[in-house]
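Take a look at the letters that make up each chain.
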Amino acid sequence: MTEPLIQLSGVTKAFAGVRALVDGALDLYGGEVTALIGENGAGKSTLVKVLTGIHAPDTGSILIAGKPVSVTSAADAERLGITAIHQEAVVFDDLSIAENIFVSNRPRGRFGTVDWAKMRSEARRLLHELEADLDPDLPLKSLSIAQKHLVQIARALSHDARLVIMDEPTAALSHREAEDLFRIVERLKGEGRAILFISHKFEEVMRIADRYAVFRDGAAVGAGRIADTNTEELIRLMVGRSVDQIFPKIEVTPGAEALRVEGFSHPTEFDDVSFSVRRGEILGVYGLVGAGRSEVMKAVFGITKPSAGRLVVEGQPVRIERPADAIAAGIVYVPEDRQHQGAVLKQSILDNISLPSLDRFSVAGFFNRTRERAVADALAKRLQVRMSGLDQLVENLSGGNQQKVVIAKWLATEPRILILDEPTKGIDVGSKAAVHRFMAELVAQGLAVIMVSSELPEVLGMADRVLVMARGRVRRTFTRAEATPEAVVRAATDA
Ligand SMILES: Nc1ncnc2c1ncn2[C@@H]1O[C@H](COP(=O)(O)OP(=O)(O)OP(=O)(O)O)[C@@H](O)[C@H]1O
Ligand SMILES: [Mg+2]
């Protein structure tokens, strides 16, 4: 039996009124990938923050190679060889790549001054090892999310980290970028480092992890070898019951056309895009990351301006110059990047949900607080937001629960046309089923839904028709019957 490199036990952590960890325990082994799984709000990111010195635990112990250590600051963690790619990127956008890699351990010359030349050449060498030949002088903000991950991994290597933690690293990556990341994970593992990998995607977990650890309600509820388990068992441990992963498609006879997009073009992002969606219909929009799907939807919602094309809503041509025009026409867009574009972190859940619907809660100049609360409460329950109450600040919610609040906020406006961009990204399996069920009921009530998704099972399971985009153009539209996995993927990848 190999000994664990790092052992956490009896870790507890409470935030004003919220018990985030009640019995955190975890064993991590050198040269192995351990997947940490659990529902939104189960305490995964909190455990990561305890391991990296961001949060001090209330109780509990951490042993490294059998010896107790205390991690009371980020500097402690780095000194002990623990580094993380956090769920919310902790990077410095205005600093250069090299400065980000050596943020806390800048190489110094003889007189204690920063040795910039050495810092650059070391940065270049570390990035080259990761097959990322980026110019170390570039500001971080010019990079893609995948490249930012690489910079953080380079930072880990610069500390010769023993433990590399990745908190939902693939949530915002394309398929190819995720594959590149997995190769790096294999490599870090081969070098004997321990990897802690957090993900809501079971295919990934089954594929790259050697071990699993499951958290439920802040407590470790199971751990073992991946080879000895299967997805169903992991889900049961996570949720405490079995979850129907079948998509709750309700057959609806589509009604009149709700939205038609004609000849939408943009100088760089998309070209001559046309499609329509009817009431009672879910139009799935599939494509690889970068195919132009979100850009088209942002143009429909008035965030960006198309250079050509027109929009017809319920038979009437409409001009949409800004999001307010779209909302007035009954269209809402729930963005993919909900953390940055979607939520006001410093405000309460209630204020976030009701923000775009304030008019709806006012009658004859009087604001109806009771109604505001009732609507927000009903939506939060439907979407299974795990919170201490509607007055909790959004920044204190777990990542997946922040995502749900943004969906709730746009649903509260009672749109007639709902555009959802990657609706279940970062959302756990149990809540995912709730989101899908909710979506099915909304279309049964006559809503038209456009669902942009990179998850093939979600698209094939939920959509009535599937529109496939590649390189800014519509490649094909499939009926539900025609949409086989092979045909849809082929349309998305054909050169
Ligand atoms: N700073 C904070 N103040 C108050 N509560 C917090 C704070 N940070 C986390 N929490 C609460 O602790 C619980 C665990 O959150 P955590 O972020 O660890 O969940 P998670 O397992 O990472 O979920 P997800 O899959 O959604 O990312 C949640 O109920 C969350 O609201
Ligand atoms: Mg988290």
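Everything below is about the structure shown above.
Nothing here was measured: the structure is a model prediction, and the numbers come from that model. Residue indices follow the written sequence of each chain, beginning from 1 at its first position. Chain labels run from A onward and ligand labels from 1 onward, assigned in the order the entries are written. Note on the predicted model: pLDDT of at least 70 is required for a residue's local features to be given, and 80 or more for side-chain atom pairs to be given and counted; whole-chain, interface and lining totals, by contrast, use all residues. Only heavy atoms go into the side-chain values, all of them from the structure, while hydrogens and water stay out.

(A) Broad picture of the coordination of the magnesium ion (ligand 2). Each metal site is built from N, O and S donor atoms within 2.8 Å (3.2 Å for Na, K and Ca), and since water is not included, such sites may look incomplete. Coordination sphere of the magnesium ion (ligand 2), protein contribution only: S45 (OG) and Q87 (OE1), at 2.1 to 2.2 Å. With S45 in helix α1 (residues 44-51) and Q87 in the loop between β6 (82-85) and α3 (97-101), the pair connects residues that are 42 residues apart, well separated along the chain. Using a relative accessible area of 17% as the deciding quantity, one classes S45 as buried. Any residue under 20% of the maximum accessible area for its type is buried, any over 50% is exposed, and the rest in between are partly exposed; the area is computed with a 1.4 Å probe on protein chains only. Its relative accessible area of 21% is what places Q87 among the partly exposed residues. Where helices and strands are cited, they refer to DSSP runs of H or I of at least four residues and of E of at least two residues respectively, numbered from the N terminus.

(B) How the structure looks around the sheet that holds strand β21 (residues 465-470). Judged by pairing direction, the sheet is mixed, and its six strands sit side by side in the order β16-β19-β20-β13-β21-β22 without closing on themselves. Looking at the sheet topology across the chains shown, the edges are occupied by β16 (331-334) and β22 (473-479). Strand-to-strand, the axes of this sheet are offset by a mean angle of 15 degrees, without reference to chain direction. In this sheet, strand β20 (residues 448-452) lies alongside strand β13 (residues 282-286) in parallel orientation, the contact comprising four bridges. Within β20, the position partnered with V285 by the bridge is V452. Whether two residues touch is decided by their heavy atoms; if any such pair falls within 4.5 Å, the residues are in contact. The axes used here are C-alpha line fits, helices contributing only the stretch in contact, and every angle between their N-to-C directions lies in the interval 0 to 180 degrees. Most of the contacts of helix α9 (residues 293-300) go to β16, to which it runs at about 145 degrees, and overall it touches β13, β16, β19 (417-421), β20 and β21. Each of β13, β21 and β22 touches helix α17 (residues 485-493); the most contacted strand, β21, lies at about 30 degrees to it. Two strands form a pair only when DSSP identifies at least two bridges running between them.

(C) Highlighting the pattern of salt bridges. When a carboxyl oxygen of Asp or Glu lies within 4 Å of a side-chain nitrogen of Lys or Arg, that pair is called a salt bridge. In total, this model carries 36 salt bridges according to the counting rule given. E204 is the salt-bridge partner of K201, the closest N and O atoms lying 3.8 Å from each other. Since its relative accessible area comes to 27%, K201 is described here as partly exposed. Residue R465 pairs with E281 through a salt bridge whose shortest N-O separation is 2.8 Å. Of this pair, R465 sits in strand β21 while E281 sits in the loop between β12 (273-278) and β13, and the two are 184 residues apart along the sequence. Look at the salt bridges and you will find they share partners, linking E122, R125, E129, D160, R187, E191 and R193 into a network.

(D) Inspection of the sheet that holds strand β15 (residues 316-318) at higher detail. Spatially, β12-β11-β14-β15 is the arrangement adopted by the four strands of the open sheet, whose pairing is antiparallel. The sheet is open, and its two borders are formed by β12 and β15, each paired with just one other strand. On average, adjacent strands in this sheet sit at an angle of 20 degrees to one another, irrespective of strand direction. Sheet topology places strand β14 (residues 308-313) next to β15; three bridges connect them, and they run antiparallel. Looking at β15, one finds that V313 is bridged to Q316. Contacting β11 (257-265), β12 and β14, α9 runs over the sheet at an angle of about 115 degrees to β11.

(E) Structural detail: helix α5 (residues 145-158). Multiply 1.5 Å by the residue count of a helix minus one, and that product is the helix's expected span. Under the 1.5 Å per step criterion, the end-to-end length of α5 is 20 Å for 14 residues, consistent within 8% with the ideal 20 Å. Here α5 lies mainly inside the structure; eleven of its 14 residues are buried. Tucked into the core, α5 has its buried residues touching α2 (74-79), β6, α3, α4 (116-129), β7 (163-167) and α6 (175-190). Count one or two residues on from α5 and you reach D160, which has phi positive near 50 degrees.

(F) Representation of the site of ligand 1. Only a single heavy atom is needed: when it lies within 4 Å of a molecule or strand, its residue is near that molecule or strand. Taken together, 20 residues lie around ligand 1, and K44, T46, N396, S398 and G400 are the ones closest in. Within the contact set of ligand 1, an oxygen atom lies 3.1 Å away from a side-chain nitrogen or oxygen of Q87. Side-chain atoms alone can form a polar contact between residues adjacent in sequence; in general such a contact is a pair of N or O atoms within 3.5 Å, and within protein one must be able to donate a hydrogen while the other accepts it. One of the side-chain nitrogen or oxygen atoms of S398 is found 2.7 Å away from an oxygen atom of ligand 1. Surface exposure here means Shrake-Rupley accessible area, sampled with a 1.4 Å probe, where a residue is shielded only by the protein chains that are shown. Protein chains shield 90% of the accessible area of ligand 1, which is 640 Å² for the free molecule. Of all the secondary-structure elements, those providing two or more residues to the shell around ligand 1 are β2 (18-28), α1 and α14 (399-411). Of the residues forming the shell around ligand 1, the biggest block, three residues, is contributed by α1. Looking at the shell around ligand 1, its residues break down into five nonpolar, twelve polar and three charged. Composition of the shell around ligand 1 by domain shows at least three residues from each of domain 1 (6-239) and domain 2 (257-493). All amino acids are sorted into three groups, where Ala, Val, Leu, Ile, Met, Phe, Trp, Tyr, Cys and Pro are nonpolar, Asp, Glu, Lys and Arg are charged, and the leftover types, Gly among them, are polar. Start and end positions for the domains come from either an automated domain assignment or a database one.

(G) Region of interest: empty space enclosed by the protein. Here the term cavity refers to a set of points on a 1 Å grid, laid over the protein atoms alone, in which a 1.4 Å probe fits but cannot get out; the term pocket refers to an open set having protein on both sides within 12 Å along at least five of seven lines, with lining residues being those that place an atom within 4 Å of a point. Grid points are joined across faces, edges and corners, and a volume is the space filled by probe spheres set on the points. Across all of its chains, the model carries three cavities of 30 Å³ or more by this definition. In terms of lining residues, the largest cavity is bounded by L383, I407, L411, L418, L420, P423, V435, F438, M439 and L442. No other element matches helix α15 (residues 429-444), which puts four residues into the lining of the largest cavity. Classifying every residue of the lining of the largest cavity by side-chain character gives ten nonpolar, no polar and no charged.

(H) Local environment of the pairing of β13. Where burial is concerned, most of β13 is hidden: five out of the five residues are buried. A two-sided burial pattern is seen for β13, the buried positions comprising I282, G284 and Y286 on one face and L283 and V285 on the other.

(I) Spatial organisation of the pairing of β7. Counting buried positions along β7 gives five out of five residues, so the element sits mostly inside the fold. Burial along β7 is two-sided: the face carrying L163, I165 and D167 and the face carrying V164 and M166 are both buried. Pairing between β7 and strand β8 (residues 194-198): five bridges, direction parallel. The residue bridging I165 from the neighbouring strand is L196, located in β8. In this region the chain leaves β7, passes through α6 and returns to the parallel neighbour β8; the handedness of that crossover is right-handed. With the strands pointing away from the viewer, any crossover whose connection runs clockwise from the first strand over the helix to the second is right-handed.

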